[in-house]
Amino acid sequence: MAPTPRSLPRAAARRARFPWRAVIYGVVILYLFVDLYWVAGPLRGQLERWRSPQDSVEAGPVAALLYGEPLTLTTLDQAVVRYLWKRGRSVEGLSPRMRRELRLAVLRELVIDRALEVRAKYQDQEIDEAVLEEEWQAFLARFPSPGQRRAELESWGVEDADAREALRQRLLKERWLEQAILPDLEVASEEIEAWFAENREDLRLPERIRARHIFLPSLRQDQAALREQAQALHEALVEDQSRFSELAKEQSRDPATAPKGGDLGWFAADRMDASFTGPVFRHGGLGLLAPFESKIGWHVVEILNRAPGRPATLAEMEKEIRLHLRNEKRRVALQELEEQLFATAKVEIRWDVFQN
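In this report, the structure presented in the accompanying data block is examined. On a predicted model such as this, the values are computed, not experimentally measured, just so you know.

### What about the packing of helix H10 (residues 189-199) against helix H14 (residues 314-344)?
Okay, step 1: Direction vectors running N to C along H10 and H14 enclose 105°, while the axes themselves pass 9 Å from each other. With respect to each other, H10 and H14 are oriented roughly perpendicular. Mapping the contact onto sequence places Glu191, Ile192, Glu193, Trp195 and Phe196 in H10 and Leu314, Glu318, Ile321, Arg322, His324, Leu325 and Lys329 in H14.
Okay, step 2: Of the residues contributing to the contact of H10 with H14, the split by class is 6 nonpolar, 1 polar and 5 charged.

### Let's talk about the pairing of strand E8 (residues 297-307)
Okay, step 1: Among the 11 residues in E8, 8 count as buried, and that is most of the element.
Okay, step 2: Note: strand E4 (residues 208-217) against E8, 10 bridges, orientation antiparallel. From the neighbouring strand, Ile214 faces E8, where its bridge partner is Val300.
Okay, step 3: Both strand E6 (residues 287-288) and E8 contribute to a ladder of 2 bridges, which runs antiparallel. From the neighbouring strand, Leu288 faces E8, where its bridge partner is Glu302.
Okay, step 4: Looking at chain direction, strand E7 (residues 292-293) and E8 are connected through 2 bridges and run antiparallel. Opposite Phe292, over in E8, you have His299 as the bridge partner.
Okay, step 5: The antiparallel hairpin formed by E7 and E8 contains 3 residues in its connecting segment.

### What to know about the layout of surface pockets
Okay, step 1: One number sums up the size of the largest pocket: a volume of about 1600 Å³.
Okay, step 2: Looking at the largest pocket, it is lined by 40 residues, and the ones nearest its centre are Lys86, Leu110, Asp113, Ala166 and Lys173.
Okay, step 3: For the lining of the largest pocket, the secondary-structure elements that each account for two or more residues are strand E2 (69-72), helix H5 (73-86), helix H6 (96-120), helix H7 (129-140), helix H9 (160-181) and H14.
Okay, step 4: The element that contributes the greatest number of residues to the lining of the largest pocket is H9, accounting for 12 residues.
Okay, step 5: In this structure, the second largest pocket spans a volume of roughly 250 Å³.
Okay, step 6: Together, Arg204, Leu205, Pro206, Arg208, Trp266, Phe267, Ala268, Asp270, Arg271, Met317 and Glu320 line the second largest pocket.
Okay, step 7: In terms of residue class, the lining of the second largest pocket is built from 6 nonpolar, no polar and 5 charged.

Rules of the game
- Residues numbered from 1 in each chain as written.
- Predicted model: local features only at pLDDT ≥ 70, side-chain atom pairs only at ≥ 80, totals over all residues.
- Heavy atoms only, no water.
- Axes fitted to C-alpha atoms, helices over the stretch in contact; angles between N-to-C directions.
- Helix = DSSP H or I, 4+ residues; strand = E, 2+ residues; numbered from the N terminus.
- Parallel < 35°, antiparallel > 145°, perpendicular 65-115°, else oblique.
- Contact = heavy atoms within 4.5 Å.
- Nonpolar A, V, L, I, M, F, W, Y, C, P; charged D, E, K, R; others polar.
- Buried < 20%, exposed > 50% of the residue type's maximum accessible area, 1.4 Å probe, protein only.
- Pairing = 2+ DSSP bridges.
- 1 Å grid on protein atoms, 1.4 Å probe; cavity = no way out; pocket = protein on both sides within 12 Å on 5 of 7 lines; lining within 4 Å.
- Points joined across faces, edges and corners; volume = space filled by probe spheres on them.

Shape is all these values report; function is a separate question.
Right, here's the structure in full:
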């Protein structure tokens, strides 16, 4: 039966009396209960970030907040230990002032590192496992034994798996850095010419010598017998110097030059150890030298050619100048980028905790 005009207002009144407000309040309260006490949702996470830093982390007082994440004083001090270890130092004997200065320096590195991590994670790239393994093996080689490595890592608050992952992240961040500064590293020909003109007076090619040698290593050898062998080789060459290449291939223990008849190519005095280049460059002219002993063994040397020092030309120095300017641009670009990353990073330092 169709409703009468008189019945319509009564139905609307009944709907108006339905407790919508109570239902809405109930839903809100239920959501808050589930978020805060059951599933630890976004509201609970935000509230925990708003709590006092002294109370928010069980591991100890918070020295800073990096992108909303707490950095405890304990974690910061462990980073200081790693920072010093890389430089062959330790925290023992540090004054309170030096400790605070180191904390500040390391915190700056951590802030820049975290800012890099935020940016690097958006690049869809992976690190080649062979490259990572090479870096990992180099890292392991820095420890005398596995036991000492584990003890050192424990003092840092990390395990092997954490250290390897940190290496992966470091490589990713370095790749991002290189890509970020790449446009700033181009070196124009005009820059090379200007640098050469400004530094022309200081650019000289040193005296160079081309020589060949027969090398007899002294490690774990009878020194008297070794000296006699070198002297016998020298006497044989005095009689017939044309046999040098033959004897070098047969008796020299230098794996790089023996197959080439002992040929060392052209070299300047600062390119090799002074215990070898000293006697060679002090010898006047060309020809066979008397046998002499360096830090690593005995040498029988023949000087084949000499080139006196002279001013360098632009063509000779262009490659080195380009590399020098590129490295300088890289240094400046990295410094500017790090300053930018630090200035724009989301960091809040708790100075009262930091200075403890």
